[in-house]
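Report on the structure
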Amino acid sequence: TMPPPPIPDEFYCPITSALMEDPVLDLDGYSFEKSALLHWLALHGTAVFTRTPLAAADLVPNRALRDQIDRVRGTVPAEEMTRVIPRNAAAAADAAVADDADAAGGGGR
């Protein structure tokens, strides 16, 4: 038997690096896991990549992406549920640094 095809990078959240379950689109057209982006917005109030103002009300469900992810979810090995995508690494690292600063009482940006 042939191995399953590789999982597209777009199926992974730029913030969490995890396979998305409830992807949403921001105003710039980027997709994120909804809970991760809502957390980001609570801390920053801006889009992750462009840093333009963004509110929770601006988010739109990405149903087409969710349907594509749902079709392959059962074929994803456990070790592939989370992975760092090179173009997402900066956003993930930035989010982690911001979370660490907030947890330490350093405040937001």
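Everything below is about the structure shown above.
Right, let's walk through the structure included here. (Residues numbered from 1 in each chain as written. Predicted model: local features only at pLDDT ≥ 70, side-chain atom pairs only at ≥ 80, totals over all residues. Heavy atoms only, no water.)

**Considerations on the overall build of the protein**
To keep things clear, this is the line we draw: Secondary structure elements are defined from DSSP: runs of H or I of at least 4 residues count as helices, runs of E of at least 2 residues count as strands, and each element is numbered from the N terminus. The buried label goes to any residue with under 20% of its type's maximum accessible area, the exposed label to any with over 50%, and the partly exposed label to all in between, with areas taken from a 1.4 Å probe on protein chains only. In these tables, accessible area is a Shrake-Rupley quantity obtained with a 1.4 Å probe, and a residue counts as shielded only by the protein chains included in the view.
Along its length, the protein carries three helices and three strands. Within the protein, the proportion of its 109 residues that are buried is 33%. Counting only carbon and sulfur atoms, one obtains 59% of the accessible surface of the protein, whose full area is about 6300 Å².

**Section: the pattern of salt bridges**
Definition in use: Take a side-chain nitrogen of Lys or Arg and a carboxyl oxygen of Asp or Glu: if they are within 4 Å of each other, that pair is a salt bridge.
Applying the stated rule across the entire model yields one salt bridge. Ionic pairing is found between Arg73 and Asp70, a salt bridge with its closest N-O pair at 3.6 Å. Of this pair, Arg73 and Asp70 both sit in helix α2 (residues 63-73), three residues apart, roughly one helical turn. Relative accessible area serves as the criterion here: at 23%, Arg73 is assigned to the partly exposed category.

**Details of the side chain of Asp26**
The cut-off we apply is this: Under this rule, positive means Lys or Arg and negative means Asp or Glu; His and the chain ends count for nothing. Nitrogen and oxygen atoms within 3.5 Å of one another constitute a polar contact, given that in protein one can donate a hydrogen and the other can accept it, and given that sequence-neighbouring residues count only through two side-chain atoms. In what follows, a contact means two residues having at least one pair of non-hydrogen atoms within 4.5 Å.
Checked against the element boundaries, Asp26 lands in the loop between β1 (23-25) and β2 (31-33). Buried charge without a partner: Asp26 forms no salt bridge, and the closest opposite charge is Arg51, 9.3 Å away. Within the local environment of Asp26, its side chain forms a polar contact with the backbone nitrogen of Asp28, the two atoms lying 2.9 Å apart. Sequence-distant contacts of Asp26, that is, excluding residues within four places in its chain, are made with Phe32, Leu37, Ala47, Leu54 and Leu59.

**Re the sheet that holds β1**
Cut-off, in case you're wondering: Two strands form a pair only when DSSP identifies at least two bridges running between them. Fitted lines through C-alpha atoms give the axes, limited to the stretch in contact for helices. The angle between two N-to-C directions lies from 0 to 180 degrees.
Strand order across the open sheet formed by three strands is β2-β1-β3, with antiparallel pairing between neighbours. Of all strands in the sheet, those bounded by a partner on one side alone are β2 and β3 (60-61). On top of the sheet, helix α1 (residues 34-44) reaches β1 and β2; it is set at about 95° to β2, its chief contact.

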